[in-house]
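Structural features, examined
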Amino acid sequence: MPANYLLTGMIFADGDEMISMAANIVSGGGNVLLGVLLCHAMGVSGLGLASFISLGASFFVLFLHFFLKKNSLRLILGFSLKILGEIVSYSVMDASAYFFISFATAVINIYVVGYFGVESIILVSVVALIREIQLVFDGIGEAVTPIMSMYLGEETYPGVREVWRLARKSVGIESLILSLLLIALATPITGALGITDPGIAEQAAWGLRLLAVTLFFHAGCTLILPTTS
């Protein structure tokens, strides 16, 4: 996924906003859609497969840029410890976030199975679904990063402030709409996940509503991280 973000930023900076935007839509939208469909058929494993397929499709869309005449990116083979160190230092924050997500998912699995039994493991799908939906916020942070970098390089600080203002407004509106939709559609979503037990379905629906409230705070983090790392 970090490689996908890097390639998306490179292609956006190369002037191909259309393909970079399409790749983000395929990655985020495809992840949510396939997550719901595959989770219904395969359970939690379907979420992992959905992420893999959507990410692969996003890479395919991005590579289309290299066949266009306006492409100015060229592959240069080489190795530098200095450059590697800089890449690692800038990617530690994002890498730590993904490691935490994996660790937190494992802890949630152990907790649910240990205290509520294997039959309640489907509740983990609700938590995982919220995490997958949160990917839609990454697009705003990734979109403003190259623009703000350009403005900062040119010392156009009014442009930086304006982009940051519009990004905050977009995040607020997007998170509010998504939260309201999840709260309103919590019951149908749990049904689409294949939860048939009435008691577990009710727990899952209320869990989905509670997690939906946190989307605004996560959206703020996904906006801050790309612009500070």
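Presented here is an overview of the structure given in this document. (Residues numbered from 1 in each chain as written. Predicted model: local features only at pLDDT ≥ 70, side-chain atom pairs only at ≥ 80, totals over all residues. Heavy atoms only, no water.)

So, the overall build of the chain
Helix and strand counts for the chain stand at ten helices and zero strands. Of all 229 residues assigned to the chain, the portion counted as buried reaches 35%. Taking contacts inside the chain between residues at least 6 apart in sequence as the whole, the part at least 24 apart equals 74%. Roughly 13500 Å² of accessible area belongs to the chain as shown, and the carbon and sulfur atoms make up 74% of that amount. (Helix = DSSP H or I, 4+ residues; strand = E, 2+ residues; numbered from the N terminus. Buried < 20%, exposed > 50% of the residue type's maximum accessible area, 1.4 Å probe, protein only. Contact = heavy atoms within 4.5 Å. Areas by Shrake-Rupley, 256 points an atom, 1.4 Å probe, with all protein chains shown as cover.)

Some remarks on helix H9 (residues 198-213)
In a regular helix each residue adds 1.5 Å, so 16 residues correspond to 22 Å; H9 covers 23 Å between its end C-alpha atoms and thus fits that length. Of all the residues in H9, the buried ones are Ile200, Ala201, Ala204, Ala205, Leu208, Arg209 and Ala212. (Expected span 1.5 Å × (residues − 1).)

A look at the side chain of histidine 65
Here histidine 65 is to be found in the loop between helix H3 (44-63) and helix H4 (81-116). Once residues lying within four places of it in the same chain are set aside, the contact partners of histidine 65 are Ile11, Asp14, Asp16, Ile19, Asn71 and Leu73.

Some thoughts on the nonpolar core
Within the largest apolar cluster, 22 residues are counted, with the highest numbers of intra-cluster contacts made by Leu182, Ile189, Leu193, Ile195 and Leu208. Of all the secondary-structure elements, those providing two or more residues to this core are helix H5 (123-133), helix H7 (157-184), helix H8 (186-192) and H9. Excluding its chain neighbours within four sequence positions, the residues that come into contact with leucine 208 are Val126, Ile130, Leu182, Ala186 and Ile189. (Core = buried A, V, L, I, M, F, W, Y, C linked by side-chain atoms within 4.5 Å.)

Section: H7
Taking 1.5 Å as the rise per residue, H7 with 28 residues should run 40 Å; its terminal C-alpha atoms sit 41 Å apart, in good agreement. Buried residues of H7: Gly159, Val160, Val163, Ala167, Val171, Gly172, Ser175, Leu178, Ser179 and Leu182, and no others.

Notes on the packing of aromatic side chains
Note on aromatic pairs: each is described by the distance of the centres and the angle between the planes. Considering all chains together, one arrives at two aromatic pairs under this definition. Judged by centre distance (6.3 Å) and plane angle (25°), the rings of phenylalanine 59 and phenylalanine 63 are stacked. In this pair, phenylalanine 59 and phenylalanine 63 both sit in helix H3, four residues apart, roughly one turn of the helix. Pairing phenylalanine 63 with phenylalanine 66 gives two aromatic rings, centres 5.8 Å apart and planes at 40°, and the pair type is tilted. The class for phenylalanine 63 is partly exposed, based on a relative accessible area of 43%. Look at phenylalanine 66 and you get partly exposed, because its relative accessible area is 30%. Ring pairs connect the aromatic residues Phe59, Phe63 and Phe66, which therefore count as one cluster. The ring of tryptophan 206 has arginine 209 lying over it, and the distance from NZ or CZ to the ring centre is 4.8 Å. (Phe/Tyr/Trp six-rings, centres within 6.5 Å; stacked < 30°, edge-to-face > 60°. Lys NZ or Arg CZ within 6 Å of the ring centre and 35° of its normal.)

Examining the packing of H7 against H9
Between H7 and H9, the least distance of the axes is 8 Å, while the angle of their chain directions is 170°. Viewed along their axes, H7 and H9 adopt a mutual orientation that is roughly antiparallel. In this structure, H7 contributes Ser179, Leu182 and Ile183 to the contact, and H9 contributes Leu208, Arg209 and Ala212. Its residues placed into classes, the contact of H7 with H9 shows four nonpolar, one polar and one charged. (Axes fitted to C-alpha atoms, helices over the stretch in contact; angles between N-to-C directions. Parallel < 35°, antiparallel > 145°, perpendicular 65-115°, else oblique. Nonpolar A, V, L, I, M, F, W, Y, C, P; charged D, E, K, R; others polar.)

Here's the deal with a nonpolar patch on the surface
On the surface, Met42, Leu49, Phe52 and Ile53 cluster together into a nonpolar patch covering about 380 Å² of accessible area. For the nonpolar patch, the element with the most residues is H3, which contributes three residues. Its place among the elements puts isoleucine 53 in helix H3. A relative accessible area of 38% means that isoleucine 53 is categorised as partly exposed. (Patch = residues over 30% accessible without salt bridge, like charges linked within 9 Å, V, L, I, M, F, W, Y side chains within 5 Å. Salt bridge = Lys/Arg side-chain N within 4 Å of Asp/Glu carboxyl O.)

Re the side chain of threonine 190
Looking at the element boundaries, threonine 190 is found in helix H8. You can call threonine 190 buried: its relative accessible area is 2%. Among the polar contacts made by the side chain of threonine 190, one reaches the main-chain carbonyl oxygen of threonine 187 at a distance of 2.6 Å. Beyond its immediate sequence surroundings of up to four residues, threonine 190 is in contact with Ile195, Ala201, Ala204 and Ala205. (Polar contact = N/O pair within 3.5 Å; in protein donor to acceptor, adjacent residues only side chain to side chain.)

Remember, this is a structural readout, not a statement about activity or role.
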